[in-house]
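Below, each chain spelled out in residue letters.
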Amino acid sequence: MTRWMRVLLLRFRSLFIRSTVDRDLDRELRFHLEEQVEELVAAGASRQDAREAALREFGSPASITQQCRETRRVNSLQNLLQDTRYALRTLAKQPMLLVTAASSIALGAGANLAIFGLANSLLLSTPTAARPDRLVHLRTNSGSHTSYSAWRELDASGVMAGIAGYDIESDMNWRGRDVSIGVMPLVVTANFFDVMGIPLAMGRAFTAAEASADRDPRVAVLSHRFWTARLGGDPSVLGSSVILNGHAYVVLGVLPSDLRSLPGYGLSPEMFIPISPALAPNLHAPRAGHLQLIGRLRDGQTAEGAWAALNVAASHWAGEDPLHTGFIRVVDPVGGLYQVKELKEVGAFFAVLLLVTALVLAIACANVAGLLVARSAARQKEIALRMALGATRTRIVQQLLTEGSVLAVAGTIAGVAITAGVARLISRVALPLPVPFDLNVTFDTRLAVLSVALVLVSTLLCALAPALQATRGVLSPGLKQETRTFGPRRFGMRGVLVTGQVAVSVLLLVTTVLFLRNLGLANSLDPGFDAAHTVVAQISFVEGRQGEASNQAVEGIVERLRGLASVEAATFTQGVPLTFRYGGSTGTMMRIEGRAAPVRVEYATNSVGSDYFRVMGIRLLRGREFTNADRGDGRRVIVNEEFVRRYFEGLEPIGRTVFLHGDPEAIPAEVVGVVANSKYRSIGEDREAALYTPFLTPRPPARFAHVLVRTSGPPESVTTSVKDAVLRTDPAAAVSVEPMTTALAFAFWPSRIGAVLVGSLGALGALLAMIGLYGVVSFAVARRTAEIGVRLALGATRRAIALLVFRDGATLVFTGMVIGLGLALLATRPLAWFLVADLPPTDPISFVGTILLLGLTSLAAGWSPTRRAMKIEPAKTLRTE
């Protein structure tokens with residue numbers, strides 16, 4: 001047996017069969033002691049004198065035993081195990097302390113884990129794939145999308161293990177039993193599954209050979225949600241056909257239920273379809289950006305090496321097309337912080353939430369620390385006795401920290417259970433989103449690391465300060481169980497903790513009130529149009545019903561609707577403000593007649609039909625609306641008053657000509673009308689410039705259109721008639737009809753989610769702080785019972801006693817409020833990003849409201865201890881003392 005194995009075996013024996021090893025050590029020590037005694041007896045000493053002399057020469061057996069134990073080098077672990085057993089025994093004798101402390105930590109830890117789990121699933125998760133760490137996104141100079149021909153050449157170059165493409169922005173019509181429904185597929189290149197290595201729950205994926213775009217493939221792989229929700233989870237679906245855009249697609253496989261899709265952000269495509277000319281008629285156009293690219297690195301290949309090799313492979317395009325010079329711009333890892341950069345607003349919102357949850361955890365830990373301070377005061381005799389018997393302060397602090405770690409572990413485990421419950425709840429909630437959305441909050445490595453970190457942080461925040469304070473006392477009063485009942489420092493460590501809790505609560509409540517005020521103002525903001533009397537129909541046409549065919553279809557639908565008795569007006573439009581498809585936005589150079597030089601303009605854009613502004617209730621300020629005569633060449637536009645204010649420099653807009661891109665040879669467009677400002681992308685946006693073009697102009701093939709109907713009665717009364725009119729015109733179309741107020745739910749959803757999440761966390765933090773305030777005031781009353789009894793015996797009135805107790809609690813609250821208001825003034829400034837334009841982050845109503853709310857709750861928290869102090873009987877108290 002090698003030496004290290006022998007040492008390992010000895011340490012294993014010392015750790016796990018310590019009693020046997022100690023017995024062997026005790027026998028050996030007694031043997032050596034007796035041998036020494038026998039030698040002295042043989043030399044002529046009496047046995048009593050020989051034993052005393054042997055003990056003097058040999059030393060203390062207990063000291064030698066401890067020295068021998070230290071040579072085993074397992075004392076630290078043995079002490080930890082011993083402290084853990086002792087902590088479990090002592091805490092089991094105080095179940096209320098265990099439940100209260102663990103519950104506080106559970107609420108704080110659960111909030112942190114749940115919010116981080118959401119952020120992890122939405123922004124940081126990697127897709128379900130083979131070795132996802134080897135996947136990278138490829139970005140080109142032309143943007144996030146590139147052409148089909150460019151993908152094919154890059155993949156054929158063999159620079160990487162494989163390069164695939166995908167598009168999340170396509171829509172298809174699925175024909176069910178008696179109705180067409182719009183679905184969102186992930187349109188992918190033929191080699192997508194070969195590159196990604198995505199596992200399937202049933203069946204198989206399509207191969208590169210059978211899904212080649214040249215073969216115009218008709219195969220599909222379904223998501224688990226589509227299979228269960230739309231097809232009833234029928235296992236015989238494999239090999240059958242689903243009707244998409246009027247064509248039969250053969251179902252090859254079904255994906256697993258916990259799939260994390262490649263696009264990320266919680267998007268959950270309902271099926272995977274190979275790209276084809278049927279889905280992209282201009283598929284082979286050299287500049288048509290159909291695909292986002294994802295590549296798989298070879299073993300040993302770095303992202304930097306792939307970037308260099310890809311640019312070499314693409315360098316020959318520079319001579320053919322200057323736009324392709326330095327073709328590959330970015331090679332980014334898939335998942336992780338890369339995705340946070342893509343959605344800065346969402347990432348910033350989760351950063352705010354994580355900060356709020358961290359503050360809630362800090363308040364919870366302060367509550368537990370207050371409980372442990374009170375507990376250590378009751379254990380003064382125990383701690384003093386242990387120190388008197390030789391225990392070092394470090395050893396006692398270690399034992400007290402172990403007790404805190406037991407509470408932290410119990411609370412964090414409960415927090416994990418809370419997170420699991422929240423995850424199940426989220427999976428069952430239908431969110432008002434226009435795209436399939438699925439959050440798979442799973443307990444992965446990141447959440448495991450965060451859980452361990454929360455245990456460590458909670459242990460330090462909960463137990464370190466109480467442990468240091470408990471071991472700082474004087475031995476004599478502790479052994480005599482003397483307590484200080486008089487003196488100026490009545491609150492001490494607990495008072496400091498409560499002051500900090502109140503300060504943090506002020507910050508949390510200010511943030512909460514700001515988000516609630518933001519929601520209220522957002523709901524009351526005038527969007528600039530009338531949503532109360534309008535119905536929205538979203539129409540998705542099948543192939544062959546695009547371009548001029550779709551124009552004719554929407555014209556026919558509107559003519560049918562205008563003949564209904566309850567319809568005042570009807571129109572059609574490309575986009576609907578404040579919805580997922582609001583139109584678009586543009587930033588470009590524009591030459592305006594009467595201005596010397598082209599100007600950079602940024603504006604929202606939409607294509608609308610005749611009577612659009614009348615139906616929407618947007619005021620026409622000057623000029624006229626579009627008519628059917630404006631169809632054809634797109635030479636007429638309408639702008640809003642903000643566009644005129646920004647870019648016309650006081651010039652009269654009506655009849656003036658504008659040239660897009662600043663090119664004098666571009667097709668000119670005449671301004672025929674000016675309309676009032678309205679909201680476009682979000683309810684909280686400031687005034688935005690807008691430019692409208694006629695809907696019935698030639699444009700790239702489009703499958704989507706919206707029909708808007710203004711009603712004389714409740715909008716719900718005509719939804720069925722609108723749907724019937726659409727289906728009579730085009731039975732194969734997928735149509736969704738709803739009142740405008742319902743369609744705008746998406747615009748208010750961010751404000752509502754922010755108010756609910758931040759409001760809940762802020763209320764939780766304030767509740768924990770008030771529990772801490774109640775505890776510290778109650779503790780002070782209990783500690784000062786004798787003092788209050790003496791004051792009453794000497795003639796103090798009960799009102800004076802109430803003021804005395806109330807003043808102490810009010811001092812803590814006031815100090816915490818002052819500190820918290822200072823922190824809030826600084827910390828709320830970055831929140832301006834999330835607030836409507838009319839609500840400043842230093843909103844005085846929010847600050848004053850927070851002070852009043854916290855003041856009232858503080859009075860409620862201190863009322864019960866104050867009443868208890870007023871009921872103290874002096875004679876009974878003095879007899880007890």
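Residues numbered from 1 in each chain as written. Predicted model: local features only at pLDDT ≥ 70, side-chain atom pairs only at ≥ 80, totals over all residues. Heavy atoms only, no water.

### Things to note about the overall build of the chain
Looking only at helices and strands, one finds 28 helices and 23 strands in the chain. Here the contacts in the chain between residues at least 6 apart in sequence split such that 81% fall between residues at least 24 apart. Per element, the accessible surface of the chain, about 41,000 Å² overall, is 59% carbon and sulfur. (Helix = DSSP H or I, 4+ residues; strand = E, 2+ residues; numbered from the N terminus. Contact = heavy atoms within 4.5 Å. Areas by Shrake-Rupley, 256 points an atom, 1.4 Å probe, with all protein chains shown as cover.)

### As for a nonpolar patch on the surface
Where nonpolar side chains cluster on the molecular surface, the patch consists of Leu-460, Leu-464 and Leu-468 and spans about 240 Å² of accessible area. With respect to the element layout, Leu-468 can be found in helix H16 (residues 445-470). (Patch = residues over 30% accessible without salt bridge, like charges linked within 9 Å, V, L, I, M, F, W, Y side chains within 5 Å. Salt bridge = Lys/Arg side-chain N within 4 Å of Asp/Glu carboxyl O.)

### Some remarks on the pattern of salt bridges
Inspection of the entire model under this criterion finds 16 salt bridges. Residue Arg-562 is joined to Asp-611 by a salt bridge in which the shortest nitrogen-to-oxygen separation is 3.9 Å. Highlighted residues: Arg-562 in helix H19 (residues 548-562) and Asp-611 in the loop between strand E16 (599-608) and helix H20 (612-616), separated in sequence by 49 residues. The partly exposed category is assigned to Asp-611, whose relative accessible area is 24%. We note a salt bridge from Arg-710 to Glu-568, for which the minimum N-O separation is 3.6 Å. Placement of Arg-710 in strand E22 (residues 704-711) and of Glu-568 in strand E14 (residues 567-573) is noted, with a sequence separation of 142 residues between them. (Buried < 20%, exposed > 50% of the residue type's maximum accessible area, 1.4 Å probe, protein only.)

### Let's talk about the pairing of E22
Most of E22 sits inside the fold, with 8 of its 8 residues counted as buried. Side-chain alternation along E22 places Phe-704, His-706, Leu-708 and Arg-710 on one buried face and Ala-705, Val-707, Val-709 and Thr-711 on a second face that is also buried. In this sheet, E22 lies alongside strand E13 (residues 534-540) in antiparallel orientation, the contact comprising 7 bridges. Residue pairing in the sheet places Val-535 in a bridge with Val-709 of E22. Pairing analysis gives 6 bridges linking E14 to E22, with the strands arranged antiparallel. (Pairing = 2+ DSSP bridges.)

### A few points about the confidence of the model for the chain
Residues of the chain with pLDDT of at least 70 account for 83%, and the chain-wide mean is 79. When mean pLDDT is taken per element in the chain, strand E7 (residues 219-222) scores highest with 94 and helix H11 (residues 317-320) scores lowest with 50. Across residues 318-326, confidence stays below pLDDT 50; counting only partners more than four residues off in sequence or on other chains, it has 8 contacts. This stretch, residues 483-490, has a pLDDT under 50; its non-local contacts, to residues over four places away or in other chains, come to 12 contacts. (pLDDT = per-residue confidence, 0-100.)

### What to know about the packing of aromatic side chains
Within this structure, the stated rule accounts for 14 aromatic pairs. Look at Phe-192 and Phe-272: their rings are 5.9 Å apart centre to centre, the planes differ by 40°, and that puts the pair in the tilted class. Pair noted here: Phe-192 is in helix H8 (residues 192-196) and Phe-272 is in strand E10 (residues 271-274), with a separation of 80 residues, a long-range link. The same class applies to Phe-192 as to Phe-272, namely buried. A centroid spacing of 5.7 Å and a plane angle of 70° characterise the contact between Tyr-603 and Phe-643, whose relative ring orientation is edge-to-face. Here Phe-643 lies in helix H21 (residues 641-647) and Tyr-603 lies in strand E16, a separation of 40 residues in the sequence. For the pair Tyr-603 and Phe-643, a shared accessibility class is recorded, and that class is buried. By way of ring pairs, the aromatic residues Phe-192, Phe-193, Phe-206 and Phe-272 are connected into one cluster. Above the ring of Phe-659, the side-chain terminus of Arg-591 is found at 4.8 Å from the ring centroid. (Phe/Tyr/Trp six-rings, centres within 6.5 Å; stacked < 30°, edge-to-face > 60°. Lys NZ or Arg CZ within 6 Å of the ring centre and 35° of its normal.)

### Observations concerning helix H26 (residues 798-827)
In this model H26 runs 42 Å from its N-terminal to its C-terminal C-alpha over 30 residues, within 8% of the 44 Å that 1.5 Å per residue would give. Taken together, the buried positions of H26 are occupied by Ile-801, Ala-802, Leu-804, Val-805, Asp-808, Gly-809, Leu-812, Val-813, Gly-816, Met-817, Gly-820 and Ala-824. (Expected span 1.5 Å × (residues − 1).)

### Observations regarding the nonpolar core
Counting residues in hydrophobic clusters, the biggest one holds 104 residues, and the most contacted among them are Phe-350, Tyr-612, Phe-613, Tyr-692, Leu-708 and Met-740. At 14 residues, helix H13 (residues 344-378) tops the list of elements feeding residues into this core. The residues touching Met-740, leaving out its near neighbours within four places in the chain, are Ala-531, Thr-534, Val-535, Val-536, Val-576, Met-616 and Leu-708. (Core = buried A, V, L, I, M, F, W, Y, C linked by side-chain atoms within 4.5 Å.)

### Structural notes on the environment of Val-567
If you trace the backbone, Val-567 turns up in strand E14. Along the primary structure Val-567 and Gly-713 are separated by 146 residues, whereas in three dimensions their C-alpha atoms are 8.4 Å apart. The residues touching Val-567, leaving out its near neighbours within four places in the chain, are Leu-561, Val-709 and Arg-710.

### Points about the side chain of Thr-534
Structurally, Thr-534 is set in strand E13. Under the relative-accessibility criterion, Thr-534 is labelled buried at 0%. Here the side chain of Thr-534 touches Asp-530 through a polar contact of 2.9 Å, landing on its backbone oxygen. Those residues in contact with Thr-534 that sit more than four places away from it in its chain are Val-615, Leu-708, Val-709, Arg-710, Pro-715, Pro-739 and Met-740. (Polar contact = N/O pair within 3.5 Å; in protein donor to acceptor, adjacent residues only side chain to side chain.)

### Some remarks on the packing of helix H15 (residues 393-428) against H16
Their axes nearest at 7 Å, the elements H15 and H16 cross at an angle of 140°. Here the hand of the crossing between H15 and H16 comes out right-handed. Residue-level contacts link Arg-393, Val-397, Leu-400, Leu-401, Gly-404, Ser-405, Ala-408, Val-409, Thr-412 and Val-416 of H15 to Ser-451, Leu-454, Val-455, Ser-458, Thr-459, Ala-463, Leu-464, Ala-467, Leu-468 and Ala-470 of H16. Here the residues of the contact of H15 with H16 sort into 13 nonpolar, 6 polar and 1 charged. (Axes fitted to C-alpha atoms, helices over the stretch in contact; angles between N-to-C directions. Left-handed = near helix turned anticlockwise from the far one by under 90°. Nonpolar A, V, L, I, M, F, W, Y, C, P; charged D, E, K, R; others polar.)

### What to know about the environment of Ala-374
Of note, Ala-374 is situated in helix H13. Here Ala-374 falls in the partly exposed class, since its relative accessible area comes to 21%. For the pair Ala-374 and Gly-775, spaced 401 residues apart in the sequence, the C-alpha separation amounts to 9.4 Å.

### Points about the state of the cysteines
Taken as a whole and assessed by the stated rule, the structure comprises 0 disulfides. Cys-462 supplies the cysteine sulfur nearest to Cys-365, a cysteine that is in no disulfide, at a spacing of 3.7 Å. When its relative accessible area of 1% is taken as the criterion, Cys-365 is described as buried. (Disulfide = S-S within 2.5 Å.)

### Quick notes on the pairing of strand E15 (residues 584-592)
Where E15 and E16 come together, 7 bridges link them in antiparallel fashion. In the sheet register, Met-590 faces E16, and the bridge partner there is Val-599. As consecutive antiparallel partners, E15 and E16 are separated by 6 residues, and within that stretch Gly-594 has a phi angle of approximately 100°, a positive value.

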